[in-house]
Amino acid sequence: MSERAVLKGIRVLDLSSVGPASRCSSILADYGATVIKIGPTAARGAVQIQPPFYAYSAGRGLKRARIDLKADQGKEAFLRLAAGADVIIESFRPGVVGRLGIGYEDIKKVNGAIVYCSTSGYGQNGPYSKWAGHDINYLALGGFLDCSSPRGDGGPPIPGATVADSAAGGMQAATAILAALVGRNADGEGTYLDVSVAEGVLSLMYLHIDKYLATGSRPAPGYDVLTGRYAYYDLYPARDGKWLAVGAIEPAFFANLCKALGCEKWIPRQNDDDCQQEIRDDFKAAFGQRDRDDWVARLAPADTCVTAVYSVDELVEDEHFVARGAFGEAEDAEHGRFGQVAPVFAGAAKPQGPHLVREGAATDTDELLAQAGLAEADIKRMRDAGVIA
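Since this is a predicted model, take the numbers as computed values, not measurements.

With that settled, the discussion passes to the overall build of the protein. The number of helices and strands found in the protein is 15 helices and 12 strands. Dimensions of the protein, computed from the C-alpha atoms along their principal axes, are close to 85 × 50 × 45 Å. Each of the 389 residues in the protein was classed as buried or not, and the buried ones make up 40%. As presented, the protein carries roughly 20,400 Å² of accessible surface, and 53% of it is formed by carbon and sulfur atoms. Taken together, the 40 basic and 50 acidic charged side chains of the protein have centroids lying 4 Å from each other.

In structure tokens, the structure reads:
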């Protein structure tokens, strides 16, 4: 089935440089939106964090403008861009955009249909709204770390990916923006979105939280199926030291697994708490008889819910991901050609050929301001004054 740019014609101004907001704008760009990254001029200092050339899809599908938002002319230039935008995304500390004169109430005066999305760690109000934070903090506060298997010293583990930034923040923001755009189609009205990454973690944890609120049972590692209580939902080493993930929850899958491992005696005792360690010991002994990939070849097609635990260098060579076009290429003038994750969300259009990475100082500021109706002479004056770059 062919894929199309479903957000073609949607114009997004993104005031972030990294984090959940940038993840969100990358998602929107992959769906065909025109995303314009707004950064400060050199006169006001560099972008707070300049990501590596390959990060955030290496700027795939993004335009760039540099504007001094603290200068009156810069603010007016931004408002001109905002007047023709559909979406604005920002990730400043709560209250900053209001002080700059580019908050939601300011933008509404020039564009009543704007969808304005503020992303922050803890939301725009509440006791923690002014706190600084990063992914680990939001996962900690939202109970994610406490429900994860502890490390050797008994403490919560550091996750292997920025789950809060991506799923609880960036995806939440993208979902909220898309819902707001659909709603705007019905009534023509814009809206303000207050995206709290910490609350996004609550949405990831709702099965555990709702169970506690309903029953009083406190979630913890090993307290139920999905946190390691049973041997059929666990990780096991193979003969070559590589690991296998087992998720044989359903009785039929568990039976298939037990038969394949020579552990048939455990089929009727799948959920018997008294023998889970014995089942684990037998599974571990069986898995230790063959190498990981041998087990995967035997078990994965046999309805056992067994997969390899991949390292990143292995997963990029995986035949299934490759067959589905999960990886693409980009080309940078300094660093040459390199691979990257392609747009993998359902319905996102895959690029044709390598993405050409733009030089770091290149911008589209003049073109974008001209499109917004500013005269060439005014644009030149702002550039000469260092208001834009």
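Turning next to the sheet that holds strand E10 (residues 327-332). Read from one edge to the other, the open sheet built from 3 strands follows the order E11-E10-E12, with strand pairing classed as mixed. Looking at strand neighbours, the two that pair on one side only are strand E11 (336-341) and strand E12 (355-356), the edges of this open sheet.

With a phi angle near 55 degrees, Asp 303 is a residue other than glycine that sits in the positive phi range. By the element assignment, Asp 303 lies in the loop between helix H11 (292-299) and strand E9 (306-308). By relative accessible area, Asp 303 is classed as partly exposed at 47%. Within the chain, Cys 305 stands out as a residue other than glycine whose phi angle is a positive 60 degrees.

Looking only at helix H9 (residues 251-261), the buried set comprises Phe 254, Ala 255, Leu 257, Cys 258 and Leu 261. Looking down the long axis of H9, one finds its buried residues gathered within 160 degrees of arc, a one-sided arrangement.

Ranked by internal contacts, the top residues of the largest apolar core, which has 30 residues, are Leu 13, Ile 38, Phe 78, Ile 88, Ile 107 and Leu 369. Contributions of two or more residues to this core are made by strand E2 (34-39), helix H2 (72-83), helix H3 (96-100), helix H4 (104-108), helix H14 (365-371) and helix H15 (376-384). If one sorts the elements of this core by residue count, H2 sits on top with 5 residues. Those residues in contact with Phe 78 that sit more than four places away from it in its chain are Leu 13, Leu 15, Ile 38, Leu 69, Ile 88, Ile 102 and Ile 107. Grouped together as the second largest cluster of nonpolar side chains are 24 residues, Leu 7, Cys 24, Cys 117 and Leu 181 included.

Moving on, we come to the sheet that holds E9. Within the open sheet, the 3 strands sit side by side as E7-E8-E9. Their pairing is antiparallel. Two strands in the sheet have a free side with no partner beyond their single neighbour: strand E7 (233-237) and E9. This sheet shows a mean twist of 25 degrees between the axes of neighbouring strands, independent of strand direction. Here strand E8 (residues 243-247) runs beside E9; their pairing, made up of 3 bridges, is antiparallel. The residue of E9 that forms the bridge with Val 246 is Val 306.

According to the stated counting rule, one finds 16 aromatic pairs in the structure shown. Between Phe 53 and Tyr 54 the ring centres are 5.1 Å apart and the planes differ by 85 degrees, which places this aromatic pair in the edge-to-face class. Phe 53 gets classed as partly exposed once you look at its relative accessible area, which sits at 30%. Since its relative accessible area comes to 47%, Tyr 54 is described here as partly exposed. For the ring pair Tyr 122 and Tyr 138, a centre distance of 5.3 Å and an interplane angle of 75 degrees mean the geometry is edge-to-face. Here Tyr 138 lies in helix H5 (residues 135-141) and Tyr 122 lies in the loop between strand E5 (115-120) and H5, a separation of 16 residues in the sequence. On the accessibility criterion, Tyr 138 (7% relative accessible area) is buried. Taken together, the ring pairs in this structure connect Tyr 230, Tyr 232, Tyr 236, Phe 254, Phe 283, Phe 287 and Trp 295 into an aromatic cluster.

Once that is clear, we can look at a nonpolar patch on the surface. Taken together, the side chains of Tyr 206, Leu 207, Leu 226, Tyr 233 and Ile 249 present a nonpolar region at the surface, about 470 Å² in accessible area. Here Ile 249 is to be found in the loop between E8 and H9. Ile 249 gets classed as partly exposed once you look at its relative accessible area, which sits at 31%.

The subject of this paragraph is the pattern of salt bridges. Within the structure shown, the criterion is met by 22 salt bridges. Between Lys 242 and Glu 314 there is a salt bridge, with its nearest N and O atoms 3.5 Å apart. Of this pair, Lys 242 sits in the loop between E7 and E8 while Glu 314 sits in helix H12 (residues 312-315), and the two are 72 residues apart along the sequence. With a relative accessible area of 34%, Lys 242 lands in the partly exposed category. A salt bridge links Arg 292 to Asp 293, with the shortest nitrogen-to-oxygen separation between them at 2.8 Å. Take Asp 293: its relative accessible area is 43%, and that puts it in the partly exposed class. Bridged by salt links that share partners, the residues Lys 242, Arg 292, Asp 293 and Glu 314 form one connected network.

Close contact between helix H1 (residues 20-30) and helix H6 (residues 163-187) brings their axes to 8 Å; oriented N to C, the two are set at 50 degrees. Classified by the angle between their axes, H1 and H6 sit oblique to one another. Relative to H6, H1 is oriented so that their crossing is right-handed. Touching Pro 20, Arg 23, Cys 24, Ile 27 and Leu 28 of H1 are Asp 165, Ser 166, Gly 169, Gly 170, Met 171, Ala 173, Ala 174, Ile 177 and Leu 178, all from H6. When the residues that make up the contact of H1 with H6 are grouped by side-chain class, the tally is 9 nonpolar, 3 polar and 2 charged.

Basis of the calculations
- Residues numbered from 1 in each chain as written.
- Predicted model: local features only at pLDDT ≥ 70, side-chain atom pairs only at ≥ 80, totals over all residues.
- Heavy atoms only, no water.
- Helix = DSSP H or I, 4+ residues; strand = E, 2+ residues; numbered from the N terminus.
- Buried < 20%, exposed > 50% of the residue type's maximum accessible area, 1.4 Å probe, protein only.
- Areas by Shrake-Rupley, 256 points an atom, 1.4 Å probe, with all protein chains shown as cover.
- Lys, Arg positive; Asp, Glu negative; His and termini not counted.
- Charge placed at Lys NZ, Arg CZ, Asp CG, Glu CD.
- Pairing = 2+ DSSP bridges.
- Arc of directions from axis to C-beta.
- Core = buried A, V, L, I, M, F, W, Y, C linked by side-chain atoms within 4.5 Å.
- Contact = heavy atoms within 4.5 Å.
- Axes fitted to C-alpha atoms, helices over the stretch in contact; angles between N-to-C directions.
- Phe/Tyr/Trp six-rings, centres within 6.5 Å; stacked < 30°, edge-to-face > 60°.
- Patch = residues over 30% accessible without salt bridge, like charges linked within 9 Å, V, L, I, M, F, W, Y side chains within 5 Å.
- Salt bridge = Lys/Arg side-chain N within 4 Å of Asp/Glu carboxyl O.
- Parallel < 35°, antiparallel > 145°, perpendicular 65-115°, else oblique.
- Left-handed = near helix turned anticlockwise from the far one by under 90°.
- Nonpolar A, V, L, I, M, F, W, Y, C, P; charged D, E, K, R; others polar.

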